[in-house]
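Each chain is listed here by its residues.
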Amino acid sequence: MTASAIVIANMIGTGVFTSLGFQLSSVQNSFSILLLWILGGVLALCGALVYAELGTKFKESGGDYIYLSRIFHPLAGFLSAWAGLTAGFSAPVALAAIAFTKYMSPLGLEHSKLWAVALILGIGIMHSFTIRHSSRFQNATTIIKILFIVFLIIAGCIFSSGGDNSLRWDGAWQSEITTTGFAVSMVFVFFAYTGWNAASYVTGEIRNPFVNLPKALIISTVFVAVVYVLFQYVLMKHASVAQMKGKEEVSFIAFQNLFGSGGGKWVSIFIAIQLIATISSYLWVGPRVTWAMANDNPVWKILARKNNQGIPVPALWLHVLISIVLTVTGSFENILLYCGFVLQLMASLTVASALKDKIKVDGSFRAPLRPWPHVIFLLFNCWVLLFTLKDKPVESLIGLAILALGVLLFYIGKRKASVGAVVNQQ
């Protein structure tokens, strides 16, 4: 699986097909909506430039875990891996599985979390055996994903559904962009862009990472940003605010208006396929980050095992288990908000580590206009996080509680490791 395929497979997923309905609850001007997605693309690109720097300095797989452990402190690295395990990789799997059942509902499949659980289990089993087969599956579904969303954009731009739409081009955007709702909506956008750093998690498996890692991160992020902005425009063109507000299945609603009930069902099927690809990609990358963390922490050594095919099976099935728990116990919007909060916070810490790191490595990538991409990323994220904490305190505090539990587990593990070392010496 190529580095670019990993990035695109992780980025184009649940968020782009579902987020608009939640954004319309507080932001309804078309300029405001498109600006959200443009800013998200700029933010992701700034982050990609920074991660390209870090990834070409530290050649190991593991992404944030490696960077934060080496630059700041092992606790910071552990928290990034913990956040990835509980939010960064497992939550997108849960959200994609929930959305899958929603998009299969028009085909007569009952919207049931049991179907979502079965899907997660099936993909977990597939990824447990050989890298070759799971890699082929991932490449094939990624190609389908790209062709399909490009087709929808072209069709949506060319044709008209003739009904009500959400397009509103007045001057209200000037007041909307200063509201708390606009800032909180960025959490949905940031979550949709999650995956722009995916290639950095498998740096050790990329050929010639000094060249291919920055190229994959930057080109893929720009491509996805353009796709995202155009796709939101198409959704607004073919469905009204009343139809989409507060709903997850906004893509089905819009394209049912465009293609009719029969065509809408086919679109729903293909969106469901995209969501399967999203689940697959996160269950591919996530366990490798957890494996890297477990490899450095003796207390977690059971997760540092790989089978004879080089697959971290125990880590994979821990991700599967957590994804299932999130699927069964949480609502779509709440999972998205508190996980999005955690991911923004940890990504900010990683970008800050790049500013702290002064070590130069021959041949490593250097972000253009350094340090401005770092500063822009950090300032914008701080603004979003503060407004989210103010407007969505429950979800934000859940996110902080997840990190607090990670701190507790780190020191429990450290203490057990110290006790074990003393016992062995005796």
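Note that the coordinates shown come from a computational prediction; the quantities given were computed from them, not determined experimentally. (Residues numbered from 1 in each chain as written. Predicted model: local features only at pLDDT ≥ 70, side-chain atom pairs only at ≥ 80, totals over all residues. Heavy atoms only, no water.)

So, the overall build of the protein
(1) Moving on: For the protein, the helix and strand inventory stands at 18 helices and zero strands.
(2) Moving on: When each of the 426 residues of the protein is scored for burial, the buried share is 57%.
(3) Moving on: Pairs at least 24 apart in sequence give 82% of the contacts found in the protein among residues at least 6 apart.
(4) Moving on: Surface summary for the protein: the accessible area is close to 16,800 Å², and the carbon and sulfur share equals 66%. (Helix = DSSP H or I, 4+ residues; strand = E, 2+ residues; numbered from the N terminus. Buried < 20%, exposed > 50% of the residue type's maximum accessible area, 1.4 Å probe, protein only. Contact = heavy atoms within 4.5 Å. Areas by Shrake-Rupley, 256 points an atom, 1.4 Å probe, with all protein chains shown as cover.)

A word on the confidence of the model for the protein
Any residue range with low pLDDT should be treated as having predicted coordinates unsuitable for detailed reading.
(1) Moving on: Of all residues in the protein, 86% have pLDDT values of 70 or greater, and the mean over the chain is 81.
(2) Moving on: For the protein, per-element mean pLDDT is lowest for helix α1 (residues 3-11), which scores 63, and highest for helix α15 (residues 313-329), which scores 90. (pLDDT = per-residue confidence, 0-100.)

Here we look at the packing of helix α6 (residues 74-88) against helix α7 (residues 90-104)
Between two packed helices, both the angle of their axes relative to each other and the distance between the axes serve to describe the pair.
(1) Moving on: As a packed pair, α6 and α7 sit with axes 5 Å apart at the nearest point and diverge in direction by 5°. Comparing the axis directions of α6 and α7 gives the class roughly parallel. Contacts between α6 and α7 involve Gly84, Leu85, Thr86, Ala87 and Gly88 from the first element and Ser90, Ala91 and Pro92 from the second.
(2) Moving on: Partitioned by chemical class, the residues of the contact of α6 with α7 number four nonpolar, four polar and no charged. (Axes fitted to C-alpha atoms, helices over the stretch in contact; angles between N-to-C directions. Parallel < 35°, antiparallel > 145°, perpendicular 65-115°, else oblique. Nonpolar A, V, L, I, M, F, W, Y, C, P; charged D, E, K, R; others polar.)

What to know about a nonpolar patch on the surface
(1) Moving on: On the surface, a cluster of nonpolar side chains totalling about 450 Å² of accessible area is made up of Val150, Ile154, Ile158, Phe159 and Phe223.
(2) Moving on: No other element matches helix α9 (residues 131-158), which puts three residues into the nonpolar patch.
(3) Moving on: Take Phe159: it is sitting in the loop between α9 and α10 (173-176).
(4) Moving on: Its relative accessible area of 48% is what places Phe159 among the partly exposed residues. (Patch = residues over 30% accessible without salt bridge, like charges linked within 9 Å, V, L, I, M, F, W, Y side chains within 5 Å. Salt bridge = Lys/Arg side-chain N within 4 Å of Asp/Glu carboxyl O.)

Some thoughts on helix α8 (residues 113-126)
(1) Moving on: Along its 14 residues, α8 runs 20 Å from first to last C-alpha, staying within 8% of the 20 Å computed at 1.5 Å per residue.
(2) Moving on: When α8 is considered as a whole, its buried residues turn out to be Ala116, Val117, Leu119, Ile120, Ile123 and Gly124. Take α8 and look down its axis: the buried residues cluster within an arc of 160°, on one side only. (Expected span 1.5 Å × (residues − 1). Arc of directions from axis to C-beta.)

Looking at the packing of aromatic side chains
(1) Moving on: With the rule as written, the count across this model stands at 17 aromatic pairs.
(2) Moving on: Ring plane angle 15° and centroid distance 5.6 Å describe the contact between Phe22 and Phe188, whose orientation is recorded as stacked. Highlighted residues: Phe22 in helix α3 (residues 20-23) and Phe188 in helix α11 (residues 180-193), separated in sequence by 166 residues.
(3) Moving on: You can call Phe22 buried: its relative accessible area is 7%.
(4) Moving on: Across the ring face of Trp291, the terminal group of Lys306 is positioned such that the distance to the ring centre comes to 4.0 Å. (Phe/Tyr/Trp six-rings, centres within 6.5 Å; stacked < 30°, edge-to-face > 60°. Lys NZ or Arg CZ within 6 Å of the ring centre and 35° of its normal.)

Quick notes on the environment of Thr388
(1) Moving on: Relative to the assigned elements, Thr388 resides in helix α17 (residues 372-391).
(2) Moving on: Considered as a pair, Thr388 and Tyr338 are 50 residues apart in the sequence and their alpha carbons are 9.6 Å apart.
(3) Moving on: There is a polar contact of 2.7 Å between the side chain of Thr388 and the backbone oxygen of Val384. (Polar contact = N/O pair within 3.5 Å; in protein donor to acceptor, adjacent residues only side chain to side chain.)

Structural notes on helix α4 (residues 30-57)
(1) Moving on: Here α4 contains 28 residues, and its C-alpha end-to-end distance of 41 Å stays within 8% of the 40 Å for a straight helix at 1.5 Å per residue.
(2) Moving on: Counting buried residues along α4, 22 of its 28 residues qualify, which places the element largely inside the surrounding structure.
(3) Moving on: N-capping of α4 is provided by Asn29, with a side-chain oxygen placed 2.9 Å from the backbone N of Phe31.

Quick look at the pattern of salt bridges
(1) Moving on: Within this structure, the stated rule accounts for three salt bridges.
(2) Moving on: A salt bridge links Arg370 to Glu53; the shortest N-O distance between them is 2.9 Å. Linking Arg370 in the loop between α16 (332-356) and α17 with Glu53 in helix α4, this pair joins segments that are 317 residues apart in sequence.
(3) Moving on: Arg370 gets classed as partly exposed once you look at its relative accessible area, which sits at 22%.
(4) Moving on: Residue Glu248 pairs with Lys102 through a salt bridge whose shortest N-O separation is 3.4 Å. Within this pair, whereas Glu248 is found in the loop between α13 (241-244) and α14 (250-296), its partner Lys102 is found in helix α7, the two being separated by 146 residues in sequence.

Focus on unusual backbone geometry
(1) Moving on: Cis geometry marks the peptide bond from Arg370 to Pro371, where omega comes out at 10°.
(2) Moving on: As for its position among the elements, Pro371 is in the loop between α16 and α17.
(3) Moving on: Positive phi, normally seen in glycine, also occurs at Leu369, with a value near 65°.

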